[in-house]
Amino acid sequence: MTLSGIVVRCDELVGLLFPYLDAVLVESVFRVNEVVHVEARTRGLDVVCPDCTTASGRVHSTYERHLADGPVGGQAVRIDLTVRRLYCENAGCARRTFAEQVRGLTVRYGRRTPAAQRVLEAVAIALAGRAGSRLAIVLNTRVSRMTLLRAVMNVPDPAWNVPRVLGVDDFATRRGQHYGTVLIDCETHRPLDLLPGRDAATLATWLREQPGSAVICRGRAGAYAEGARAGAPDAVQVADRFHLWQNLGTALERSVRRHSHCLKAAGTSADGLVNDTGAAEVEQFMSPIEARIRERHATIHRLLAQGHGIREIARELHMGGNTVRRTARAAAPEELLSGRHQPRRSQLDPYKAHLDQRWAQGFTNAVHLHAELRAFGYQGGYQPISDYLQPRRRRRIRVVAPAPPGVRQVTGWMMRHPEHLGIEERRQLTALLARCPGLTALNRHVRAFAETLTTRSGQHLKDWIIATNVEDLPGLSTFAHGLEKDWEAVVQGLTTRWNSGPVEGRVNHIKMIKCQMFGRAGLSLLRKRVLLTAAR
């Protein structure tokens with residue numbers, strides 16, 4: 001027969017399709033409407049009863065099953081299999097008849113082969129309903145989204161052992177309204193369960209049902225601390241370092257807000273209205289070309305003073321080498337300006353003296369001036385007059401004082417590593433700290449806590465708390481008081497290597513799955529996909 005342009009013998013094709021020929025006899029293979037049909041029947045072997053396991057060969061009746069299989073040569077495959085219904089030979093068995101099943105080919109009430117079912121399960125786990133249904137069409141299989149969702153829900157949960165190090169964190173099923181709890185094995189990074197809610201009772205109940213965790217990594221939520229104590233009193237709790245740093249940032253922002261008067265003083269040094277060219281050059285009007293030449297001259301000579309070569313400057317400024325050399329040879333920009341071509345004569349030249357006089361008298365409207373010149377015999381248009389007056393309009397410009405740094409901006413500067421600050425950010429922060437002793441103290445304590453956190457030297461935390469309380473910094477004092485209330489877990493978080501990083505990564509995985517399902521997944525389906533995608 002010919003299948004997708006390839007000539008094969010029927011027995012060769014059957015050998016590819018059926019690894020279970022010992023139980024099935026293929027009678028014919030043909031194609032109808034781009035679907036390959038395989039007609040087969042069972043070989044008539046004795047079959048055991050599914051209840052009492054008694055072998056039987058006595059036939060009650062036969063019927064035909066139609067099984068969808070994986071595609072071959074880009075074409076759908078349907079197996080038309082004739083199977084038998086047999087009598088149970090055991091008189092004491094409650095089952096009188098039973099249908100025979102072919103191992104690896106049929107299952108009870110199944111309309112697909114196990115191989116095809118596994119493919120659809122994989123598609124459903126990866127893409128869920130609608131997206132999976134669209135992909136199934138490409139795979140020459142038509143299946144509804146609800147069938148795929150049922151296939152996902154029927155897959156058993158992956159097996160796991162009670163973890164030695166348990167990670168706990170919350171995730172949003174509906175942000176700001178409904179939350180759940182994710183539990184993972186911090187050593188293997190595999191999710192174990194998703195629980196509804198994020199209260200202490202939910203976590204405590206799960207820990208009692210799954211005893212054996214020696215370490216519990218959690219955030220700073222009080223509910224998780226209480227639930228861990230109630231459900232696993234012997235486990236060591238570890239407060240996550242990321243959440244400690246996040247809590248410090250919140251406390252620091254409140255403290256910086258108390259010194260907002262220092263931030264406002266940083267942006268009041270600029271004048272409201274100033275001359276752009278200086279007092280000595282008030283009457284000098286600079287054209288855009290002249291301004292560009294002066295700026296280019298200053299930039300090139302500055303780079304030359306820093307030790308850069310002509311070619312390097314040309315590459316950096318995207319200029320020709322001759323232009324850079326000519327500018328470098330000029331000691332002053334006037335040398336470049338003197339060689340410029342004289343402007344062409346225009347119809348406006350005889351009337352420029354009148355325009356200067358009217359401008360000095362305060363008449364600056366170009367439309368009115370154009371009407372006056374037309375009365376004196378000017379034949380040109382309005383635009384030359386506007387262009388001639390434009391440099392005078394640029395003489396005085398309004399310089400707006402730079403906005404003072406905001407509270408969150410200053411908080412971010414203090415929370416970041418000094419080496420990661422830009423030059424301008426570092427300059428502004430240094431100037432701000434020099435003006436405000438309170439912000440200087442805050443910055444010093446933040447740097448000290450960062451050193452304790454990054455080096456995991458939690459044994460020095462008590463000294464940091466004492467120093468913070470001595471300087472009377474309300475925001476940091478409140479943060480330090482919260483550390484003392486959760487002291488054991490905080491010290492463990494600042495001394496051991498365990499943290500909630502794997503849990504945060506799993507929360508991002510949950511967000512990705514939620515987005516993929518357009519936020520329509522309930523907790524049961526979301527839980528099933530999270531567990532199964534991580535297990536594959």
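Procedures and definitions
- Residues numbered from 1 in each chain as written.
- Predicted model: local features only at pLDDT ≥ 70, side-chain atom pairs only at ≥ 80, totals over all residues.
- Heavy atoms only, no water.
- Helix = DSSP H or I, 4+ residues; strand = E, 2+ residues; numbered from the N terminus.
- Buried < 20%, exposed > 50% of the residue type's maximum accessible area, 1.4 Å probe, protein only.
- Contact = heavy atoms within 4.5 Å.
- Areas by Shrake-Rupley, 256 points an atom, 1.4 Å probe, with all protein chains shown as cover.
- Disulfide = S-S within 2.5 Å.
- Pairing = 2+ DSSP bridges.
- Axes fitted to C-alpha atoms, helices over the stretch in contact; angles between N-to-C directions.
- pLDDT = per-residue confidence, 0-100.
- Phe/Tyr/Trp six-rings, centres within 6.5 Å; stacked < 30°, edge-to-face > 60°.
- Parallel < 35°, antiparallel > 145°, perpendicular 65-115°, else oblique.
- Nonpolar A, V, L, I, M, F, W, Y, C, P; charged D, E, K, R; others polar.

A few points about the overall build of the chain
Then comes step 1: Counting its secondary structure elements, the chain contains 23 helices and 16 strands.
Then comes step 2: Buried positions account for 38% of the 536 residues belonging to the chain.
Then comes step 3: Relative to all contacts within the chain whose residues are 6 or more apart in sequence, the contacts with residues 24 or more apart total 59%.
Then comes step 4: With an accessible surface of roughly 30,600 Å², the chain has 52% of that area assigned to carbon and sulfur atoms.

Focus: the state of the cysteines
Then comes step 1: Following the criterion strictly, the structure yields zero disulfides and no others.
Then comes step 2: Between Cys-52, a cysteine without a disulfide, and Cys-88, which holds the nearest cysteine sulfur, the sulfur-to-sulfur distance is 3.5 Å.

Comments concerning the sheet that holds strand β13 (residues 215–218)
Within a sheet, each strand pairs with its neighbour through backbone hydrogen bonds, oriented either parallel or antiparallel.
Then comes step 1: The five strands are arranged β12-β11-β10-β13-β14 in an open sheet whose pairing can be described as mixed. One side of each edge strand has no neighbouring strand; the edge strands of this open sheet are β12 (191–196) and β14 (236–239). With direction set aside, neighbouring strand axes in the sheet form an average angle of 25°.
Then comes step 2: Across the sheet, helix α22 (residues 501–516) touches β10 (165–174), β11 (178–185) and β12, and the angle it forms with β10 is around 30°.

As for the confidence of the model for the chain
Then comes step 1: Averaged over the chain, the pLDDT score is 83; the fraction of residues at 70 or greater is 88%.
Then comes step 2: Segment residues 1–8: pLDDT under 50, and 14 contacts once partners within four positions in sequence are set aside and those in other chains are kept.
Then comes step 3: Here residues 269–284 scores under 50 on pLDDT; set against residues more than four positions off or in separate chains, the count is 21 contacts.

Points about the packing of aromatic side chains
Then comes step 1: A full pass over the atoms with the stated rule returns five aromatic pairs.
Then comes step 2: Ring geometry for Trp-160 and Trp-206: centres 5.9 Å apart, planes at 20°, overall stacked. Of this pair, Trp-160 sits in the loop between α4 (145–154) and β10 while Trp-206 is found in helix α5 (residues 200–209), placing the two residues 46 residues apart along the sequence.
Then comes step 3: When the centroid spacing of 5.0 Å and the interplanar angle of 55° are considered together, the rings of Phe-449 and Trp-464 count as tilted. Here Phe-449 is found in helix α18 (residues 437–455), whereas its partner Trp-464 is found in helix α19 (residues 461–470), with 15 residues between them in sequence. Residue Phe-449 shares its accessibility class with Trp-464, and that shared class is buried.

Regarding the packing of α18 against α19
Then comes step 1: Running from amino to carboxyl end, α18 crosses α19 at an angle of 170°, the nearest separation of the two axes being 10 Å. Here α18 lies roughly antiparallel to α19, going by the angle between them. Packed against α18, whose contacting residues are His-445, Ala-448 and Phe-449, the element α19 presents Leu-461, Trp-464, Ala-467 and Thr-468 at the interface.
Then comes step 2: Its residues placed into classes, the contact of α18 with α19 shows five nonpolar, two polar and no charged.

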